[in-house]
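Commentary on secondary and tertiary structure
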Amino acid sequence: MTDEPDDSIDELLSADLDGQTTPDEHRRIEADPELLVRRNGLRLAARTVGSSPPPLDPVLVDSIIDRTLARFDRVGVDPIEGVEAPTRRSATPRRSNPWLVAAVVMLVAGIGIGLIATAGPSKRKGVTATGDVRSRPESKSANARDAAGSAATTTAASSRRDSLSERTPTVGFIGTYASPTALRSALRSKLPPVRQSEAPEVFRLSPGQADRCSTVLEARDPRLRRSNRRAAVTAGIAGEPLLVLEYRAQTVGGTRTSTRIIAVGVAACDERLNFER
Amino acid sequence: MTDPDAGLVRAAQDGDRAALDQLLRAHQPGVYALCRRIVGNETDALDATQDALIAIVRGLDRFDGRSKVSTWVYRIATNSCLDEIRRRRRRPTPGLPEGDRTGDHQVARFDEQVAARIDIDSALQTIAPEFRAAVVLRDLCELDYAEIAEVLAVPPGTVRSRIARGRSALAAELSGNQPPTTRRQIRRS
């Protein structure tokens, strides 16, 4: 074993696993039992990572592909969706026409002046009405607000990449309950009112997330059809988010309609409640 | 060598929906596997996969064929996964980590394969995302150093170093050894 730092030895051994060492380096490793043991540890780590996770259920795959293609089909695709695909810069940068740039600048300046002139009286009302120096702090705070607004504008691009739950409307939230029994009791007669504004972050599911579990459930039980789904909301039991789905159902014999309530864990879409009312 | 996906991409760029469907289906397993290993749980991996596929569709017109389609796809997917990790850091954690959520209803379904998978995931989660991504791209996706450098937009020397340090930390984690002090800097804070 050499006196080299751990990191440089591991880098050499790791590169050797990938066939990235010179013949001399490779021979040196093969001749040192301690290095061989260490390389085996790295090989084990590499093989562990290399084991593929289990493939997705084909129903889920279809659902993901369908949702993707649906966005492709949509006219005027939402420009803020998704992660930006990397692009290459053109080898020959495009030159802007200076006259066109000047025209755009003048147009923007004109619009800006027009807006200031329009908004001026109301914004300056405190100053013109009172002529008081107290207006200065207001002005400062207004500037601060403007700055905040400007900052919000500049950070808008990054916030666009926030989670689907932040980008899209979220599924309604009906509250948290102490136990499955308490939730079942609350759902016994009708769906509790949605309290969207009270929903903690963890209960804010995107419709896509709700659809995922819904698709899994509907694949398991063909009687559950999307067209029969009346509602999808979130609820919590002891802090864990659940998706509650309400389906229109028919009693055996089809003599009368009823409602089937199914609550599933959001992570694994596993059933927690399933009853008819 | 001819890129096997080049024809599909050209057709999809020309508006062939079936070609796009085929392209997405061809790459979905790789994208999901990459995301599953990088983000560490199924729910977030599905979100990252969906985001990545949407980004592929949206970026299709800008793909100029200078890199392999698979490299381009992995680059989008890796960015999507790293974004998902950043978003997750801003979200409160719902109760126990997924690996610990073993209620009565789940215990019966546990088998050795699941336990092993959780070990891999939890071990991977102990190393920083940029090292994790490099290791996963090499050992799971089997990209070479140059391709990983392109995906991660870093020099090949950095790739070699990240892979080595990621594997080293992972080896220590899997063997139950405390990593040496020199490696702590690559572990998650």
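This brings us to the environment of Lys190(A). Residue and element names in this part refer to chain A. Within the secondary structure, Lys-190 sits in the loop between α9 (180-187) and α10 (207-220). You can call Lys-190 exposed: it has 10 C-beta atoms within 10 Å. Each C-alpha atom, one on Lys-190 and one on Glu-246, is 9.9 Å from the other, the two residues being 56 residues apart in sequence.

Moving on, we come to the environment of Phe63(B). Structurally, Phe63(B) can be placed in the loop between α3 (42-59) and α4 (69-90). In sequence terms Phe63(B) and Arg10(B) are 53 residues apart; their C-alpha atoms lie 9.5 Å from each other.

As a further point, take the confidence of the model for chain B. All names here are of chain B. Taken over all residues, the pLDDT of chain B has a mean of 82, while the share at 70 or more is 78%. Mean pLDDT values over the elements of chain B span from 38, in helix α5 (residues 104-107), up to 96, in helix α8 (residues 145-152). For the stretch residues 93-114, pLDDT sits under 50, and the model shows 17 contacts to residues farther than four places along the chain or on other chains.

The next subject is the pairing of strand β4 (residues 257-265) of chain A. Residue and element names in this part refer to chain A. Pairing geometry for β4 and strand β5 (residues 271-276), over five bridges, is antiparallel. Note that in β5 the partner of Val-264 across the bridge is Glu-271. Between β4 and β5, which pair antiparallel in sequence order, lie five residues; one of them, Cys-269, sits at a positive phi of approximately 55°.

Quick look at unusual backbone geometry now. Residues and elements named next belong to chain B. Despite not being glycine, Glu-142 has its phi angle at roughly 60°, a positive value. Within the fold, Glu-142 resides in the loop between α7 (129-139) and α8. On the basis of neighbour counts, which here come to 9 C-beta atoms within 10 Å, the residue Glu-142 falls in the exposed class. Unlike most non-glycine residues, Ala-153 shows phi in positive territory, near 55°. Its place among the elements puts Ala-153 in the loop between α8 and α9 (156-175).

What counts, and where the lines are drawn
Residues numbered from 1 in each chain as written. Chains lettered and ligands numbered in written order. Predicted model: local features only at pLDDT ≥ 70, side-chain atom pairs only at ≥ 80, totals over all residues. Helix = DSSP H or I, 4+ residues; strand = E, 2+ residues; numbered from the N terminus. Buried ≥ 20, exposed ≤ 12 C-beta atoms within 10 Å, placed from the backbone. pLDDT = per-residue confidence, 0-100. Contact = placed C-beta atoms within 7 Å. Pairing = 2+ DSSP bridges.

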